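Architecture at a glance
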Amino acid sequence: MTFRGKAAIPPKQLEEAHCYDTAACLIQSYGQDNALMVTIQVLCEADLKDDAKRIMEETSSHLYTLIKRGQFIIFRALINLSGEDLKRFKDKLVMVTFSGKEAISPEQLEEAHCYDTAACLIQRYKKDDALMLTSQALYEVGLKETAKRLMEETYSYVYSDVKRRQFIMFRTLINLSDEDLKRFKDKLTTLKIRGKTAIPRKQLEEAHCYDTAACLRQSYGEEEALMVTIQVLYEANLKDTAMRLMKETYSDRKIGTIISNLKLGVTLPTKSSTSIHRQGMDCKLCGEVGDSRDGSHGFSSQSKTSNVRFEVKTFSL
């Protein structure tokens, strides 16, 4: 068996090898991080799945370097799939493009086992994006529980600070129903902020959740994209989802002003301008609150009832 194109260990090298020498040979041939995944893969293929599961349970993802940690988490998610589900997952990967990048070629994945598939994802899309793309593809082939477990496992420590915000938006969107996601994207294409042109409808029409989150980040920047997402969720009448996103993103002490200005069950403050300071950003919700029937306000959209503007300015810590 080969792994990422490396030649298999010669039979002669293992013929008389005891367990210690076999383990040392694996480390020497593949490196520490890869050797663990290779061992699990081989145990599964030798139908020793209980032993493979025990190693995965014992192998904390913290043992891996940051990049290999992402690969291990993807690998572990894939190796627990049935043969049929893994095939469906790989078939989806070769059909879907992400952020304009070409899909992985069918030839590259046709004979690939779980280790090679995970390594291929990391190589093509890099760690942070590969984790989100794996979740997206799992969702699209109906393996939602596996995708949810993967997202729960990756959130707290795997993502870089930059990608963590995009991941939070991605996870919020992927948990919406198809109908709610369509409403969100429709609303997003009518939103104008501080003179910026709304995201073109054509750009979002066929976009899946990963591309939608990436588009938000690209169009509005890291911090403002989160606030835009909260506002659009609110205006699309997905208030509970907007509330969860705020609680996940901001500390309890800092979100009072946002909740108040978005009319999520808290009395509006008497002042028309309140500042929120978080992670090097000075976010100011300011202006008058529109007397709209659905309570929408905060960003300027095509709705004439909304005349609160949102400003973001950075400052040096």
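Structural notes, computed from the coordinates. (Residues numbered from 1 in each chain as written. Predicted model: local features only at pLDDT ≥ 70, side-chain atom pairs only at ≥ 80, totals over all residues. Heavy atoms only, no water.)

Quick notes on the nonpolar core
Across soluble globular proteins, nonpolar side chains have a tendency to be buried as a group. One finds Phe75 and Phe170 to be the most contacted residues of the largest nonpolar core, which totals 81 residues. Contact partners of Phe170, with chain neighbours within four places excluded, come to Met132, Ser135, Gln136, Met151, Cys209, Tyr210 and Ala213. (Core = buried A, V, L, I, M, F, W, Y, C linked by side-chain atoms within 4.5 Å. Buried < 20%, exposed > 50% of the residue type's maximum accessible area, 1.4 Å probe, protein only. Contact = heavy atoms within 4.5 Å.)

Here we look at unusual backbone geometry
Leaving glycine aside, a negative phi is the common case for residues, and trans is the common case for peptide bonds. With phi around 65°, Asp47 is a residue other than glycine that occupies positive phi space. Note that Asp47 resides in the loop between helix 3 (32-45) and helix 4 (49-58). Here Asp47 falls in the exposed class, since its relative accessible area comes to 60%. One non-glycine residue with positive phi stands out, namely Asn237, at about 65°. Take Asn237: it is sitting in the loop between helix 15 (222-235) and helix 16 (239-249). Among the residues examined, Asn237 registers a relative accessible area of 56% and is labelled exposed. (Helix = DSSP H or I, 4+ residues; strand = E, 2+ residues; numbered from the N terminus.)

A look at the packing of aromatic side chains
What the rule picks out here adds up to 1 aromatic pair. Taken together, a centroid distance of 6.5 Å and an interplanar angle of 75° make the contact between Phe75 and Tyr115 edge-to-face. Of this pair, Phe75 sits in helix 5 (residues 66-79) while Tyr115 is found in helix 8 (residues 114-125), placing the two residues 40 residues apart along the sequence. Assessed through its relative accessible area of 0%, Phe75 is described here as buried. Among the residues examined, Tyr115 registers a relative accessible area of 4% and is labelled buried. (Phe/Tyr/Trp six-rings, centres within 6.5 Å; stacked < 30°, edge-to-face > 60°.)

Comments concerning the layout of surface pockets
Rolled over the atoms, a probe as big as a water molecule pinpoints where empty space is left. The computed volume of the largest pocket comes to approximately 330 Å³. Every element with two or more residues in the lining of the largest pocket is listed here: helix 9 (127-140), helix 11 (161-174) and helix 12 (178-188). The element that contributes the greatest number of residues to the lining of the largest pocket is helix 12, accounting for 4 residues. Class assignment of the residues belonging to the lining of the largest pocket gives a composition of 7 nonpolar, 2 polar and 6 charged. (1 Å grid on protein atoms, 1.4 Å probe; cavity = no way out; pocket = protein on both sides within 12 Å on 5 of 7 lines; lining within 4 Å. Points joined across faces, edges and corners; volume = space filled by probe spheres on them. Nonpolar A, V, L, I, M, F, W, Y, C, P; charged D, E, K, R; others polar.)

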